[in-house]
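Residue-level structural notes
Here is how the chains run, residue by residue.
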Amino acid sequence: VTTEWGDIQRRLGNFAPLPEVFTPDPWAPAEEASGDGGGSARERDALDAATSARELDAREDDFVDDAFLEDYRRARMEQLRAAAAVPR
């Protein structure tokens, strides 16, 4: 927050310019490691072997969610460790 007086003085060069306001980069989801959106070869084979829609749903829940949560947990822990390592 600035005042009119301060703004005029900065424009005339009597005061130092204000530092740039920090704006974070817009959030974008991380890209998948494999471009096809699938997991490991074992997971893809198990999903391909499913014989019914119900079995397919059950197998997708078993593999995809666990792998996603594990990857997310690992990435988040790395972020927290990196943030904790920065001196204050």
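Residues numbered from 1 in each chain as written. Predicted model: local features only at pLDDT ≥ 70, side-chain atom pairs only at ≥ 80, totals over all residues. Heavy atoms only, no water.

For the rest of this paragraph, the subject is the overall build of the protein chain. Across its full length, the protein chain holds three helices and zero strands. The linear arrangement of helices and strands in the protein chain, starting from the amino end, is α-α-α. For the protein chain, the proportion of its 88 residues judged to be buried stands at 8%. (Helix = DSSP H or I, 4+ residues; strand = E, 2+ residues; numbered from the N terminus. Buried < 20%, exposed > 50% of the residue type's maximum accessible area, 1.4 Å probe, protein only.)

Here we take up the side chain of Gln-9. Structurally, Gln-9 can be placed in helix 1 (residues 4-12). Sequence-distant contacts of Gln-9, defined by excluding residues within four places in its chain, comprise Asn-14 and Phe-15. (Contact = heavy atoms within 4.5 Å.)

Taken together, the side chains of Phe-68, Leu-69 and Tyr-72 make up a nonpolar region of the molecular surface, amounting to roughly 340 Å² of accessible area. With respect to the secondary-structure elements, Phe-68 resides in helix 3 (residues 53-85). Judged by relative accessible area, Phe-68 falls into the exposed class, the value being 52%. (Patch = residues over 30% accessible without salt bridge, like charges linked within 9 Å, V, L, I, M, F, W, Y side chains within 5 Å. Areas by Shrake-Rupley, 256 points an atom, 1.4 Å probe, with all protein chains shown as cover. Salt bridge = Lys/Arg side-chain N within 4 Å of Asp/Glu carboxyl O.)

Looking now at the pattern of salt bridges. Taken as a whole and judged by the stated rule, the model has three salt bridges. Between Glu-70 and Arg-73 there is a salt bridge, and its shortest N-O distance comes to 3.1 Å. Here Glu-70 pairs with Arg-73, and both are found in helix 3, just three residues apart, close to one helical turn. The exposure class of Arg-73 is partly exposed, given its relative accessible area of 47%. The partner of Asp-71 in a salt bridge is Arg-74, and the shortest N-O contact between them spans 2.7 Å. Of this pair, Asp-71 and Arg-74 both sit in helix 3, three residues apart, which is roughly one turn of that helix. A relative accessible area of 43% means that Arg-74 is categorised as partly exposed.

As a further point, take the confidence of the model for the protein chain. For any part of a model where pLDDT is low, the fine detail of the predicted coordinates should not be relied upon. Confidence in the prediction of the protein chain, expressed as mean pLDDT, is 78, and 68% of residues score 70 or more. Within the protein chain, the element-level pLDDT minimum falls on helix 2 (residues 41-48), averaging 66, and the maximum on helix 1, averaging 95. (pLDDT = per-residue confidence, 0-100.)

Within the secondary structure, Gly-6 sits in helix 1. In this structure Gly-6 comes out as buried when scored by relative accessible area, which is 5%.

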